[in-house]
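Overview (structure and organization)
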Amino acid sequence: MPKFKRAQSVLVVICTRSGEFLLLRRVRPAGFWQSVTGSLERGELPRLAAAREVYEETGLRVGGGLIDLRHSVLFPIIPAWRSRYAPNVRFNREYWFALILNERRTIQLSVREHLEYRWLPAATAAQFTGSWSNRQAICKMAGLRSAQKPLFYPSFSY
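Next up on the list: the confidence of the model for the protein chain. Overall, the prediction assigns the protein chain a mean pLDDT of 89, with 90% of residues at 70 or greater. Within the protein chain, the element-level pLDDT minimum falls on helix 3 (residues 132–142), averaging 94, and the maximum on helix 1 (residues 46–58), averaging 98. For residues 146–158, every residue scores under 50 in pLDDT, and the model assigns this stretch 21 contacts once sequence neighbours within four places are set aside.

Right, here's the structure in full:
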(Lines give C-alpha, C1' and ligand atoms only; values in the text may rest on other atoms or scores of the structure.)
Protein backbone atom coordinates (compact mmCIF):
# COMPACT_ATOMS: atom_id res chain seq x y z
CA MET A 1 0.00 0.00 0.00
CA PRO A 2 1.53 3.37 -0.99
CA LYS A 3 2.32 5.84 1.77
CA PHE A 4 0.55 9.11 1.00
CA LYS A 5 1.24 12.46 2.57
CA ARG A 6 -1.24 13.69 5.12
CA ALA A 7 -3.26 16.65 3.81
CA GLN A 8 -2.40 18.72 6.86
CA SER A 9 0.68 20.88 7.20
CA VAL A 10 2.31 23.62 9.23
CA LEU A 11 3.69 27.01 8.30
CA VAL A 12 6.20 28.52 10.75
CA VAL A 13 7.06 32.18 10.24
CA ILE A 14 10.44 32.91 11.84
CA CYS A 15 11.38 36.53 12.49
CA THR A 16 13.60 38.66 14.69
CA ARG A 17 12.42 41.22 17.22
CA SER A 18 13.77 43.90 14.86
CA GLY A 19 11.39 42.73 12.12
CA GLU A 20 13.52 40.60 9.80
CA PHE A 21 11.79 37.51 8.38
CA LEU A 22 13.51 34.28 7.39
CA LEU A 23 12.76 32.87 3.94
CA LEU A 24 14.16 29.66 2.47
CA ARG A 25 14.61 28.96 -1.24
CA ARG A 26 13.31 25.50 -2.10
CA VAL A 27 15.11 23.03 -4.35
CA ARG A 28 11.75 22.42 -6.09
CA PRO A 29 10.01 24.24 -7.56
CA ALA A 30 12.90 26.37 -8.81
CA GLY A 31 12.94 29.91 -7.45
CA PHE A 32 10.25 29.27 -4.81
CA TRP A 33 10.82 31.06 -1.49
CA GLN A 34 8.87 30.40 1.70
CA SER A 35 8.98 30.16 5.46
CA VAL A 36 9.39 26.79 7.17
CA THR A 37 6.65 24.38 6.07
CA GLY A 38 5.94 20.69 6.22
CA SER A 39 3.33 17.98 6.38
CA LEU A 40 2.16 16.40 9.60
CA GLU A 41 3.19 12.79 10.03
CA ARG A 42 0.62 10.16 11.00
CA GLY A 43 -0.61 10.77 14.53
CA GLU A 44 1.45 13.97 14.90
CA LEU A 45 -0.07 17.13 16.36
CA PRO A 46 0.50 20.47 14.56
CA ARG A 47 2.68 21.94 17.36
CA LEU A 48 5.00 18.93 17.32
CA ALA A 49 5.17 19.01 13.51
CA ALA A 50 6.05 22.72 13.63
CA ALA A 51 8.91 22.14 16.09
CA ARG A 52 10.19 19.17 14.07
CA GLU A 53 10.06 21.06 10.76
CA VAL A 54 11.89 24.09 12.20
CA TYR A 55 14.69 21.84 13.38
CA GLU A 56 14.86 19.78 10.17
CA GLU A 57 14.86 22.82 7.87
CA THR A 58 16.93 25.33 9.90
CA GLY A 59 18.76 23.50 12.69
CA LEU A 60 17.01 25.75 15.24
CA ARG A 61 15.47 24.26 18.38
CA VAL A 62 12.27 26.07 19.30
CA GLY A 63 12.21 25.23 23.00
CA GLY A 64 9.21 27.00 24.50
CA GLY A 65 9.37 29.82 21.95
CA LEU A 66 6.93 28.42 19.41
CA ILE A 67 3.78 30.55 19.17
CA ASP A 68 0.54 28.99 17.98
CA LEU A 69 -1.10 31.73 15.89
CA ARG A 70 -4.42 29.86 16.24
CA HIS A 71 -5.12 30.25 12.55
CA SER A 72 -5.37 27.82 9.68
CA VAL A 73 -6.18 28.02 6.00
CA LEU A 74 -7.46 25.50 3.51
CA PHE A 75 -5.82 25.65 0.11
CA PRO A 76 -5.94 23.59 -3.08
CA ILE A 77 -3.04 21.22 -3.68
CA ILE A 78 -1.44 22.10 -7.01
CA PRO A 79 -1.94 19.37 -9.63
CA ALA A 80 1.81 18.71 -9.92
CA TRP A 81 1.91 17.61 -6.24
CA ARG A 82 -1.39 15.71 -5.99
CA SER A 83 0.26 12.33 -6.60
CA ARG A 84 1.84 12.65 -3.14
CA TYR A 85 -1.65 12.46 -1.61
CA ALA A 86 -4.34 9.80 -1.58
CA PRO A 87 -6.61 9.72 -4.65
CA ASN A 88 -9.30 12.42 -4.64
CA VAL A 89 -7.48 14.55 -2.04
CA ARG A 90 -7.52 18.07 -3.43
CA PHE A 91 -7.10 20.36 -0.41
CA ASN A 92 -4.61 20.79 2.42
CA ARG A 93 -5.21 22.32 5.88
CA GLU A 94 -2.26 24.52 6.94
CA TYR A 95 -1.76 25.51 10.61
CA TRP A 96 0.18 28.70 11.38
CA PHE A 97 2.93 29.13 13.97
CA ALA A 98 5.60 31.73 14.66
CA LEU A 99 9.04 31.81 16.22
CA ILE A 100 10.39 35.20 17.26
CA LEU A 101 14.14 35.37 17.82
CA ASN A 102 16.06 38.11 19.60
CA GLU A 103 18.40 38.39 16.62
CA ARG A 104 19.36 36.70 13.36
CA ARG A 105 20.71 33.20 13.70
CA THR A 106 22.89 31.17 11.38
CA ILE A 107 20.69 28.64 9.62
CA GLN A 108 21.69 25.04 8.90
CA LEU A 109 19.72 24.26 5.76
CA SER A 110 18.39 20.86 4.84
CA VAL A 111 20.23 20.59 1.52
CA ARG A 112 17.75 18.15 0.04
CA GLU A 113 14.97 20.72 0.54
CA HIS A 114 16.58 24.19 0.39
CA LEU A 115 19.35 25.98 -1.47
CA GLU A 116 19.73 29.23 0.48
CA TYR A 117 18.13 31.51 3.03
CA ARG A 118 17.68 35.23 3.51
CA TRP A 119 16.65 37.53 6.35
CA LEU A 120 14.36 40.20 4.88
CA PRO A 121 12.21 43.12 6.06
CA ALA A 122 8.54 42.14 6.36
CA ALA A 123 7.26 43.92 3.25
CA THR A 124 10.07 42.46 1.13
CA ALA A 125 9.56 38.97 2.54
CA ALA A 126 5.81 39.21 1.88
CA GLN A 127 6.44 40.11 -1.76
CA PHE A 128 9.25 37.54 -2.15
CA THR A 129 7.37 34.44 -1.01
CA GLY A 130 5.62 32.41 -3.67
CA SER A 131 2.80 31.35 -1.35
CA TRP A 132 -0.29 33.47 -0.78
CA SER A 133 -0.85 31.92 2.65
CA ASN A 134 2.76 32.57 3.63
CA ARG A 135 2.33 36.18 2.47
CA GLN A 136 -0.78 36.51 4.65
CA ALA A 137 1.01 35.09 7.69
CA ILE A 138 3.99 37.44 7.30
CA CYS A 139 1.68 40.43 6.89
CA LYS A 140 -0.36 39.38 9.92
CA MET A 141 2.77 39.04 12.06
CA ALA A 142 4.15 42.37 10.88
CA GLY A 143 0.82 44.19 11.13
CA LEU A 144 0.87 45.10 7.43
CA ARG A 145 -2.38 46.22 5.80
CA SER A 146 -2.37 43.50 3.16
CA ALA A 147 -2.82 40.81 5.81
CA GLN A 148 -6.57 40.84 5.21
CA LYS A 149 -6.32 40.24 1.47
CA PRO A 150 -3.63 38.15 -0.23
CA LEU A 151 -1.63 40.02 -2.86
CA PHE A 152 -1.16 36.91 -5.00
CA TYR A 153 -3.20 33.85 -5.77
CA PRO A 154 -1.60 30.85 -7.46
CA SER A 155 -2.32 30.71 -11.18
CA PHE A 156 -3.43 27.12 -11.60
CA SER A 157 -6.75 25.41 -11.97
CA TYR A 158 -8.39 23.75 -9.00
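So, on to the environment of leucine 115. Checked against the element boundaries, leucine 115 lands in strand 7 (residues 114–121). C-alpha separation for the pair leucine 115 and arginine 25, spaced 90 residues apart in sequence, amounts to 5.6 Å. Once residues within four sequence positions are removed from consideration, leucine 115 is found in contact with Arg25, Arg26, Val27 and Leu109.

Burial of strand 2 (residues 20–26) is extensive: five of the seven residues sit out of reach of the surface. Of the pairings in the sheet, the one linking strand 2 to strand 7 comprises seven bridges and is antiparallel in character. Of the residues in strand 7, the one forming a bridge with arginine 26 is histidine 114. When strand 2 meets strand 3 (residues 33–34), the two strands line up antiparallel, connected through two bridges.

Let us look at the pattern of salt bridges. In the structure shown here, the tally under the stated rule is seven salt bridges. Note that glutamate 41 is salt-bridged to arginine 52, the shortest N-O span being 3.7 Å. Note that glutamate 41 is positioned in the loop between strand 4 (36–39) and helix 1 and arginine 52 in helix 1, a separation of 11 residues in sequence. The buried category is assigned to arginine 52, whose relative accessible area is 17%. Three or more residues joined by partner-sharing salt bridges are found here, namely Glu41, Glu44, Arg52, Glu53 and Glu56.

This part is about helix 1. Spanning 13 residues, helix 1 covers 18 Å between terminal C-alpha atoms, matching the ideal 18 Å at 1.5 Å per step. Those residues of helix 1 that sit buried are Ala49, Ala50, Arg52, Glu53, Val54, Glu57 and Thr58. Phi turns positive one or two residues past the end of helix 1, at glycine 59, with a value near 80 degrees.

Before going further, it helps to spend a moment on the nonpolar core. Membership of the largest hydrophobic core comes to 18 residues, with the highest contact counts inside it found for Val12, Ile14, Val54 and Leu99. Looking at this core, the elements that each hand over two or more residues are strand 1 (8–16), strand 2, helix 1 and strand 6 (91–101). Within the second largest apolar cluster, 16 residues are counted, among which are Leu23, Trp33, Trp96 and Ala125.

With that out of the way, let us pick up the packing of aromatic side chains. Pairs of aromatic rings are described using the distance from one ring centre to the other and the angle between the two planes. This model, assessed by the stated rule, comprises one aromatic pair. With centroids separated by 5.1 Å and ring planes inclined at 55 degrees, the aromatic side chains of tryptophan 33 and phenylalanine 128 adopt a geometry described as tilted. Of the two residues, tryptophan 33 is situated in strand 3 and phenylalanine 128 in helix 2 (residues 122–128); the sequence distance between them amounts to 95 residues. Since its relative accessible area comes to 6%, tryptophan 33 is described here as buried. For phenylalanine 128, a relative accessible area of 32% translates into the label partly exposed. Seen from the ring of tyrosine 55, arginine 61 lies directly overhead, with NZ or CZ sitting 4.0 Å from the centre.

What counts and what doesn't
Residues numbered from 1 in each chain as written. Predicted model: local features only at pLDDT ≥ 70, side-chain atom pairs only at ≥ 80, totals over all residues. Heavy atoms only, no water. pLDDT = per-residue confidence, 0-100. Helix = DSSP H or I, 4+ residues; strand = E, 2+ residues; numbered from the N terminus. Contact = heavy atoms within 4.5 Å. Buried < 20%, exposed > 50% of the residue type's maximum accessible area, 1.4 Å probe, protein only. Pairing = 2+ DSSP bridges. Salt bridge = Lys/Arg side-chain N within 4 Å of Asp/Glu carboxyl O. Expected span 1.5 Å × (residues − 1). Core = buried A, V, L, I, M, F, W, Y, C linked by side-chain atoms within 4.5 Å. Phe/Tyr/Trp six-rings, centres within 6.5 Å; stacked < 30°, edge-to-face > 60°. Lys NZ or Arg CZ within 6 Å of the ring centre and 35° of its normal.

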